[in-house]
Amino acid sequence: MQDAKNKLGLWSIIFLGINGIIGSGVFLLPNKAMDLFGPWSLVVLIFDMVLALCIALCFAEASSLFKDTGGPYIFAKEAFGDFVGYEVGFITWATRIIAFATMSVGFATALLGIFPEWNTVFMKNVISIGLIALLSILNLCGVQSFKIIQNAITIGKVIPLVLFIAVGIFFIDVDKFVTPATTTYTMETFGSTAILLFYAFTGFEGICVVAGDMKDPKKDLPGATIITLFFCSVVYFLLLAICIGVMGPALAESTVPVQDAFAQICGPVGGAVIAAGTLISIGGICIASSFITPRSGLALAEKHMLPAFMTRQNRFGAPYWCIIFSAIIAMAINMTGTFTTLAAISVVARFAQYIPTCLAVIVFRKTMKDAPRSFKLPFGNTIPILAVLISIVFCTQVTLQQIAIGLGALVIAVPFYFIFYKPHAKKTQSS
């Protein structure tokens, strides 16, 4: 059991949340948002913030019912049984793999934005696949540098953004809030913009699933969730507003929007600062993901949700089969589209965790109504139901290919459940 002084306090939880949310999306999505929905994408961003807050608060209430560190797998299993819990647990690993692929493509996109003459699909694939391969090899060698990596990520992403906002806010030209000629305002483009920008908020669930590591989750978790999402929302809103106010309709044509906007304000030096911050931020997250993703698969194997051989580790303590499988699948996924395409796929996959968690809150209020809660949502079941309905609508705003890749793990998981998990569960119950 952790000593209280080693557990997370309010500000530690907030920093953890900010670090988990602010990533590649903040640097690479403003251009596509402007292209799809013009200056009104700022309103879509607020809409996404409200949805993210509703879902995050559902995670907070569900987490408050369990003493240990929780997660979507536990919530789904307790609310809906072994099969649904298994499906959610399996897709949690799949979601991490998709995110790993998305971030590797984001790194390639940011790097090629600095060298536009190399910006081809072939080079994008070479860089993103090469990055996955390199990080996987380092992982196999047992490289353990998380603390340094996380510090570098935080510094690398926050300083350039603070500089950009502090300087850029004085260069906003309201006359540049003009809709690009190619933009059309329809429910379809609203939905596409909403699901794209929602990628920038993903990761907030990490705040709520570590309740067992917090000093006082009853007091700190709701406040940390609200503060974290509010801070990130303000940063995103200001950043998108500055990009639009500085570049106008030309923003829609940019490959690296924040970098181009700052270069327009401060010249090549400004562009270089943002370019460095972008690469450090995305590269750092890729490094962390290369460690976390295979270990998510290892956790499933140890619960008999994957074949037993995937629990094997080499002499460095690295789960080599999980590393290899995660890398191969990520490489295959990152060749299916651009960063924005993969971002949408990543969002779809995450809703397979979000929706069961929101529904579980409603179930727990009946099945565990007398259980002590450290946090309970106001307004009855209104917030969970609203979050579920909007999430379902979101999932209708993507292509069939994106749905197939994002939710395909749910189908793939079915035979694994009956071959590996169910026989073990029967043995456990009979013993």
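Look above for the structure.
A short note on the overall build of the protein
- Counting its regular elements, the protein contains 17 helices and 0 strands.
- Put simply, the protein has 431 residues, and 55% of those count as buried.
- Considering only contacts in the protein between residues 6 or more positions apart, those separated by 24 or more positions represent 83%.
- Only carbon and sulfur atoms are counted for the fraction: they give 70% of the accessible area of the protein, which is about 18400 Å².

Observations regarding empty space enclosed by the protein
- Tallied over the full model, the rule gives 2 cavities of 30 Å³ or more.
- A volume near 90 Å³ is recorded for the largest cavity.
- Lining of the largest cavity is provided by Gly 25, Val 26, Leu 29, Pro 30, Leu 45, Leu 197, Ala 200, Tyr 236, Leu 239 and Leu 240.
- Of all the secondary structure elements, the ones that give two or more residues to the lining of the largest cavity are helix 2 (24-28) and helix 11 (217-247).
- Looking at the lining of the largest cavity, its residues break down into 9 nonpolar, 1 polar and no charged.
- At the level of elements, helix 7 (121-140), helix 13 (268-302) and helix 14 (320-333) are the ones that each hand at least two residues to the lining of the second largest cavity.
- Sort the elements by how many residues they give to the lining of the second largest cavity and helix 14 lands first, with 3 residues.
- When the residues that make up the lining of the second largest cavity are grouped by side-chain class, the tally is 4 nonpolar, 4 polar and no charged.

Thoughts on the environment of Ser 24
- With respect to the helices and strands, the residue Ser 24 is situated in helix 2.
- Take Ser 24: its relative accessible area is 3%, and that puts it in the buried class.
- Once the C-alpha coordinates of Ser 24 and Thr 102 are considered, the two residues, 78 residues apart in sequence, prove to be 9.1 Å apart.
- Apart from residues lying up to four places away in sequence, Ser 24 is in contact with Met 103, Tyr 199, Ile 282, Ile 285 and Phe 339.

Concerning the packing of aromatic side chains
- Under the counting rule described, the total for this entry stands at 29 aromatic pairs.
- Taking the centre distance of 5.4 Å and the plane angle of 20° together, the rings of Phe 198 and Phe 351 count as stacked. Residue Phe 198 is found in helix 9 (residues 187-198), and its partner Phe 351 is found in helix 15 (residues 339-367); the two are separated by 153 residues along the sequence. Across the pair, exposure class does not vary: Phe 198 and Phe 351 are buried alike.
- Connected via pairs of aromatic rings, a cluster forms that spans Phe 37, Phe 47, Phe 59, Phe 75, Tyr 185, Phe 190, Phe 198, Phe 351, Tyr 354 and Phe 394.

What to know about the pattern of salt bridges
- According to the stated counting rule, one finds 3 salt bridges in the structure shown.
- Put simply, Arg 365 and Glu 61 hold a salt bridge, and the shortest N to O gap is 2.8 Å. Of this pair, Arg 365 sits in helix 15 while Glu 61 sits in helix 4 (residues 41-63), and the two are 304 residues apart along the sequence. The burial state of Arg 365 is the same as that of Glu 61; both residues are buried.
- For the salt bridge of Asp 82 with Lys 77, the shortest nitrogen-to-oxygen distance reads 3.5 Å.

Some thoughts on the packing of helix 4 against helix 9
- For the pair helix 4 and helix 9, interaxial distance at closest approach is 9 Å and the crossing angle is 55°. Relative to helix 9, helix 4 is oriented oblique. In terms of crossing hand, the pair formed by helix 4 and helix 9 is right-handed. Every residue of helix 9 that contacts helix 4 at Ser 41, Val 44, Leu 45, Phe 47, Asp 48, Leu 51, Ala 52 and Ile 55 is listed here: Phe 190, Thr 193, Ala 194, Leu 197 and Phe 198.
- In the contact of helix 4 with helix 9, the residues fall into 10 nonpolar, 2 polar and 1 charged.

A closer look at helix 9
- Compared with an ideal rise of 1.5 Å per residue, which puts 12 residues at 16 Å, helix 9 spans 16 Å between its outermost C-alpha atoms and is within 8% of the ideal.
- Regarding helix 9, the residues found buried are Thr 189, Gly 191, Thr 193, Ala 194, Ile 195, Leu 196, Leu 197 and Phe 198.
- On its buried face, helix 9 is in contact with helix 3 (30-37), helix 4, helix 15 and helix 16 (382-395).

Quick notes on a nonpolar patch on the surface
- On the surface, Ile 169, Phe 170, Phe 171, Ile 172 and Val 174 cluster together into a nonpolar patch covering about 520 Å² of accessible area.
- Along the chain, Val 174 falls in the loop between helix 8 (146-168) and helix 9.

A few points about the environment of Val 234
- Along the polypeptide, Val 234 turns up in helix 11.
- Linking Val 234 and Ile 46, residues 188 residues apart in sequence, is a C-alpha distance of 9.4 Å.

A closer look at the layout of surface pockets
- Here the second largest pocket is characterised by a volume of approximately 410 Å³.
- For the second largest pocket, the lining is made up of 20 residues, of which Thr 109, Thr 255, Thr 338, Phe 339 and Thr 340 are closest to its centre.
- At the level of elements, helix 3, helix 6 (82-114), helix 7 and helix 15 are the ones that each hand at least two residues to the lining of the second largest pocket.
- Per element, the largest residue contribution to the lining of the second largest pocket is 4 residues, and it comes from helix 6.
- Grouping the amino acids of the lining of the second largest pocket by side-chain chemistry returns 7 nonpolar, 9 polar and 4 charged.

Things to note about helix 15
- Helix length check: helix 15, at 29 residues, gives a terminal C-alpha distance of 42 Å against a target of 42 Å (1.5 Å per residue), a fit within 8%.
- At Phe 351, helix 15 is deflected by roughly 30°, the largest bend along its length.
- For helix 15, the buried fraction is high: 23 of the 29 residues fall into the buried class.

Thresholds applied
Residues numbered from 1 in each chain as written. Predicted model: local features only at pLDDT ≥ 70, side-chain atom pairs only at ≥ 80, totals over all residues. Heavy atoms only, no water. Helix = DSSP H or I, 4+ residues; strand = E, 2+ residues; numbered from the N terminus. Buried < 20%, exposed > 50% of the residue type's maximum accessible area, 1.4 Å probe, protein only. Contact = heavy atoms within 4.5 Å. Areas by Shrake-Rupley, 256 points an atom, 1.4 Å probe, with all protein chains shown as cover. 1 Å grid on protein atoms, 1.4 Å probe; cavity = no way out; pocket = protein on both sides within 12 Å on 5 of 7 lines; lining within 4 Å. Points joined across faces, edges and corners; volume = space filled by probe spheres on them. Nonpolar A, V, L, I, M, F, W, Y, C, P; charged D, E, K, R; others polar. Phe/Tyr/Trp six-rings, centres within 6.5 Å; stacked < 30°, edge-to-face > 60°. Salt bridge = Lys/Arg side-chain N within 4 Å of Asp/Glu carboxyl O. Axes fitted to C-alpha atoms, helices over the stretch in contact; angles between N-to-C directions. Parallel < 35°, antiparallel > 145°, perpendicular 65-115°, else oblique. Left-handed = near helix turned anticlockwise from the far one by under 90°. Expected span 1.5 Å × (residues − 1). Patch = residues over 30% accessible without salt bridge, like charges linked within 9 Å, V, L, I, M, F, W, Y side chains within 5 Å. Bend = angle between axes of the 7 residues up to and from the residue.

Read these as spatial facts, not as claims about activity.
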